[in-house]
Amino acid sequence: MSALHGTKKFVVWDPPGVTQPELVSEEVVEAAAAAAKKGGSSGNQGTRLTKSTASTMSTAESKLIGGPFTKTKNPEWLKTRSAIFDEVKKLRDAEQSLKPRTPITVTLPDGTVKSTLKDGSPFLSYSTSPYDVAVTISQGLADASVVARVWYSNRIAWDPSSEGAGGSDGLDDVEGASPSDEKNEAGEKPELWDMTRPLVGPVKKLEFLKFPEEKDGMTVFWHSSAHILGEAIEHLYGGYLTIGPPISSGFYYDCYLGDGSVSEEDYKVLEKEVTSAIVKKKQKFERLVVTKEEAMKMFQYNPFKMEILRTKVADNTRTTVYRCGDLIDLCRGPHVRHTGMIKSFSCTNHSATQWLAKDGNDQLQRVYGVSFPDKKMMTIWKENREKAKARDHRVIGVKQGLFMFHELSPGSCFFLPPGARIYNKLIEFIKEEYWKRGYDEVVTPNVFNLDLWRKSGHYQHYKDGMFIFDVEGQEWGMKPMNCPGHCLIFGSTTRSWRDLPMRFADFGVLHRNELSGALTGLTRVRRFQQDDAHIYCRQDQIEEEVLGALEFMKYVYDIFGMSYKLELSTRPAKALGEIDVWNKAEAALASAMDKFAGKGNWRENPGDGAFYGPKIDIKVSDSMDRIHQCATIQLDFQLPIRFDLKYKSNVSVKEGEVKKERGTNDAKEGFERPVMVHRAMLGSVERMFAVLTEHYGGKWPLWLSPRQVMLVPVHSDQFEYGESIRAQLHDLKFFAECDTSKSTFQKKVRNAQVDQWNYQLVIGKAEMTNGTVNIRTRANEQKGEMKVEEFLAMLQRERDEHK
């Protein structure tokens, strides 16, 4: 039996333990917490299926290192650790005192150059901090800024290794989340810098980041909040802290409590400790560079921190720790200035997990939290959370009889008739647009020899996330994505420049062997479909094709009533391919976004593209202001190379310079490589089904509704008339029923409203005589009597207009 790797997502190239924050969503948190409260084994990420079992434990090497543990308030090692910190700090302060205090200048985003403090004294290296600079602008700005983003012109007397910044430690791996890979216009990467940490040279650009305006500001704010949660855990239980990263919805901290556990009763105790004993004291966050030996002395009481130091920090090197109050933690930072900036704090969930997420390792307790710099933000967050619970697609799905799951096929949804109506309508909606927008649908196999995935490069990264089985002595697998199959289609015959663009669309069924503990309703499943399409185009067609995809996206989400924001993610440090090709592609994307949204109405994420091409991230907001990333537009330069895709060029071989200008690279003479555009509007249909269920709160618009018209006869004498109208509606492909039950009239109307029928047509003696219906809406609005023909015409208009 092959080894299972229960530490990883579908994208599995990160080291064990690193990907856990990326797995966490509100749904996963709720599911893990529910499992923990029931006394289940986990809250951990579970296992993937093999052909023989759904619950086999990982065979990866594991070990127990936690040892005996007794819960102790304010354990003695808190004082010992602080004393060591103070000793080391004296040594580092002495080193810093030797650094030159040289006058420096600081340039702000608007081009303003600052060089003096308010009292007129000059900015000095190793003395003036971003906070000092902010004060020269306004005290309010200085106090509200969470962290600074710094681009240095140069660094004075800078030795990265002595500053704990030599790149020799792996703390970025275990911290689980890191700030975005922002770069400036020249492609230079900045640093996120503590507001109180002295600058080390002249600054060509300095930005002050706030919460929640900047993603990096939120990341740092929640990272600092994880530290104060850890401080409370140490104070109250003497817990051994392990890893505590920020995540997309807040933060968590994992701790070792031996055989002990965390319960909901602990939430208020932890919150009280945070607010009264930590936040109120406005404890400063202090950064300290330490040698590996000093750190091991500092954390000798904690076997988990010792393991991190042994495995992540090289001998004879330095790393960093941060202190707030008597909490000292291994950390790269940066952090907020002091704990008082965290005005509102709440524990939100808890679960059990395992050290480095490996089966057989020590069991840890995970506590989740969220925090804000304003109590009003917490109030809004809690209100939205309650709305989200009421709108949970899993609850509505059961209540409305839309779908079900079964233990014999976990992660694979059974869509019941009403749910299948919605599912099919979403696909039909996209297919209608494909016809209008020049896409060609293809149908591709569900299973492939794994040689396909070796050729595409997915085998090396995704094998653990695939369903693999033996066929006549060779490895085969269920396809987890459509792109390699589409490459086979494109490469199956000779293509000409006149054939491009080619737009292949595919609703083929996909399978991904997700971890059992991560399966959550329709948002994380093993079997799903996507409105997947791949465009093969020339480089001079990129802008036009991307603009077309953006307009397609706008059409879809305008109909859904969802707003969106666009972000362009550009070439990362480990990008493959020619820089000139990347530059031209990014310029084409930027131009398309300018034409579509207008200059200044989209954001750039420098360095955040995929290694194989730049991408446009489309973040949509639902009715509860939650952000979802469903649609995507992604350029790919690598799959055409891997599959040797090419088309006959209209550029003569003799015109080598012109051909080079068009951006072609390694195709044979007379041929060029196409650019491949991955794009999806809905993304996973299953996930979009969940998003829309919660967005609409189960109150489906008519065009998408699985229950459109309910006819309610007042008396059995009107049954036949009601059935005749239902038949007309059925012929027009509306979902309609006639309630001929023995229930009272009032109960029939009430049932139709509870079941979310868009229209209830009341039929009495007068309506039958007049050839009319009396119309009530789902909201119990009475529209009065209308001729049947007029009602049918109105209904068709609403459906055609996607209302």
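Quick caveat, the model's predicted, so the values are computed rather than measured. (Residues numbered from 1 in each chain as written. Predicted model: local features only at pLDDT ≥ 70, side-chain atom pairs only at ≥ 80, totals over all residues. Heavy atoms only, no water.)

(A) Examining the overall build of the protein more closely. Along the protein, the regular secondary structure elements total 25 helices and 35 strands. Going through the 803 residues of the protein one by one, you find that 56% of them count as buried. When contacts within the protein are restricted to residue pairs at least 6 apart in sequence, those whose partners lie at least 24 apart make up 74%. When the accessible surface of the protein is summed, it comes to about 34,800 Å², and 50% of that surface belongs to carbon and sulfur atoms. (Helix = DSSP H or I, 4+ residues; strand = E, 2+ residues; numbered from the N terminus. Buried < 20%, exposed > 50% of the residue type's maximum accessible area, 1.4 Å probe, protein only. Contact = heavy atoms within 4.5 Å. Areas by Shrake-Rupley, 256 points an atom, 1.4 Å probe, with all protein chains shown as cover.)

(B) Quick look at helix α23 (residues 745–754). Listed in full, the buried residues belonging to α23 are Lys748, Val749, Ala752 and Gln753. Buried residues of α23 fall within an arc of 135° about the axis and therefore sit on the same side. For α23, the exposed residues set more than 90 degrees away from the buried face come down to Gln746 and Arg750. For α23, the secondary structure elements touched by its buried residues are β31 (709–713), α22 (719–731), β33 (759–763) and β34 (772–777). (Arc of directions from axis to C-beta.)

(C) Seen up close, the sheet that holds strand β32 (residues 736–738). Ordered by their spatial adjacency, five strands build an open sheet running β32-β31-β33-β34-β35, and the pairing between neighbours is mixed. Strands at the two margins of the open sheet, each flanked by one partner only, are β32 and β35 (782–787). Here the average twist between neighbouring strands, direction ignored, is 25°. Pairing between β31 and β32: three bridges, direction parallel. Among the inter-strand pairings, Val709 is bridged to a residue of β32, identified as Ala736. Relative to β32, α22 is tilted by about 170°, and along the sheet it contacts β31, β32, β33 and β34. Packing against the sheet, α23 makes contact with β31, β33 and β34, and its axis sits at approximately 175° to β31. (Pairing = 2+ DSSP bridges. Axes fitted to C-alpha atoms, helices over the stretch in contact; angles between N-to-C directions.)

(D) Spotlight on the confidence of the model for the protein. In the predicted model, the protein carries a mean pLDDT of 88, and 87% of its residues have values of at least 70. In this model, residues 1–60 is a region of pLDDT below 50 whose contacts with residues beyond four sequence positions or in other chains number 140 contacts. Across residues 653–664, confidence stays below pLDDT 50; counting only partners more than four residues off in sequence or on other chains, it has 24 contacts. (pLDDT = per-residue confidence, 0-100.)

(E) Region of the structure containing the packing of helix α13 (residues 417–437) against helix α17 (residues 542–560). At a minimum axis separation of 12 Å, α13 and α17 run at an interaxial angle of 145°. The two elements α13 and α17 meet at a crossing, and its hand is right-handed. Across the interface between the two elements, Leu426, Phe429, Ile430, Glu433, Tyr434, Lys436 and Arg437 from α13 touch Gly548, Glu551, Phe552, Tyr555, Val556, Ile559 and Phe560 from α17. (Left-handed = near helix turned anticlockwise from the far one by under 90°.)

(F) Representation of the environment of Gly164. Counting through the fold element by element, Gly164 comes out in the loop between β3 (147–152) and α6 (171–175). For Gly164, a relative accessible area of 3% puts it in the buried group. Between the C-alpha atom of Gly164 and that of Val290, which follows or precedes it by 126 residues, the distance is 7.4 Å.

(G) Spotlight on the packing of aromatic side chains. Under the defined criterion, the tally for this structure stands at 39 aromatic pairs. Consider the rings of Phe689 and Trp700, whose centres lie 5.9 Å apart with planes at 65°: the pair is edge-to-face. You can see Phe689 sitting in helix α21 (residues 685–696) and its partner Trp700 sitting in the loop between α21 and β31, a full 11 residues away along the chain. Taking the relative accessible area as the measure of exposure, Phe689 reaches 0% and is therefore buried. (Phe/Tyr/Trp six-rings, centres within 6.5 Å; stacked < 30°, edge-to-face > 60°.)

(H) Examining the pattern of salt bridges more closely. Summed over all chains, the structure comprises 45 salt bridges. Ionic pairing is found between Asp254 and Arg366, a salt bridge with its closest N-O pair at 2.7 Å. Of this pair, Asp254 sits in strand β8 (residues 250–256) while Arg366 sits in strand β13 (residues 363–372), placing them 112 residues apart in sequence. A salt bridge links Lys554 to Asp558; the nearest nitrogen and oxygen atoms lie 2.6 Å apart. Here Asp558 and Lys554 lie together in helix α17, a separation of four residues that amounts to about one turn. The exposure class assigned to Asp558 is partly exposed, which follows from its relative accessible area of 42%. Shared partners join several salt bridges into a network, and the residues in it are Arg149, Lys205, Glu207, Glu214, Asp216 and Arg603. (Salt bridge = Lys/Arg side-chain N within 4 Å of Asp/Glu carboxyl O.)

(I) The pairing of strand β23 (residues 527–537), seen in detail. With 10 of its 11 residues buried, β23 lies for the most part within the structure. Bridge count between strand β21 (residues 502–506) and β23: five bridges; the pairing is antiparallel. What sits directly across from Phe504, in β23, is His534. With three bridges joining them, strand β22 (residues 509–511) and β23 adopt antiparallel strand pairing. Across the sheet, residue Leu510 finds its bridge partner in β23, namely Phe528. Judged from the seven bridges that link them, β23 and strand β30 (residues 675–684) form a sheet pairing that is antiparallel. Looking at the pairing, Asp532 lines up with Ala680 of β30.

(J) Fine view of the environment of Gln746. Residue position: Gln746 is located in helix α23. For Gln746, a relative accessible area of 58% puts it in the exposed group. Separated by 32 residues in the primary sequence, Gln746 and Val714 place their C-alpha atoms 9.3 Å from one another.

(K) Quick look at helix α8 (residues 265–279). With 15 residues, α8 should cover 21 Å at 1.5 Å per step; its first-to-last C-alpha distance of 21 Å lies within 8% of that length. Listing the buried residues of α8 in full gives Asp266, Tyr267, Leu270, Glu271, Glu273, Val274, Ala277, Ile278 and Val279. Taken together, the buried residues of α8 touch α7 (215–237), β12 (344–354) and β13. (Expected span 1.5 Å × (residues − 1).)

(L) Inspection of the side chain of Asn302 at higher detail. Along the chain, Asn302 falls in the loop between α9 (292–298) and α10 (303–312). Of the polar contacts made by the side chain of Asn302, one reaches the backbone oxygen of Leu241; its length is 2.9 Å. Look past the residues within four positions of Asn302 in its chain and what remains in contact with it is Tyr240 and Leu241. (Polar contact = N/O pair within 3.5 Å; in protein donor to acceptor, adjacent residues only side chain to side chain.)

(M) The sheet that holds strand β29 (residues 671–672), seen in detail. Spatially, three strands are ordered β20-β28-β29 in an open sheet, and the strand pairing comes out mixed. The open sheet terminates on both sides in strands that have one partner only, identified here as β20 (495–496) and β29. When strand β28 (residues 647–648) meets β29, the two strands line up antiparallel, connected through two bridges. Within β29, the residue paired with Tyr647 across the bridge is Glu672.

(N) Representation of unusual backbone geometry within the structure. Of the consecutive residues Gly333 and Pro334, the connecting peptide bond is found in the cis state with omega at -5°. Along the chain, Pro334 turns up in the loop between β11 (327–330) and β12. Look at the link from Leu500 to Pro501: it is a cis peptide, with omega at 5°. By secondary structure assignment, the location of Pro501 is in the loop between β20 and β21.

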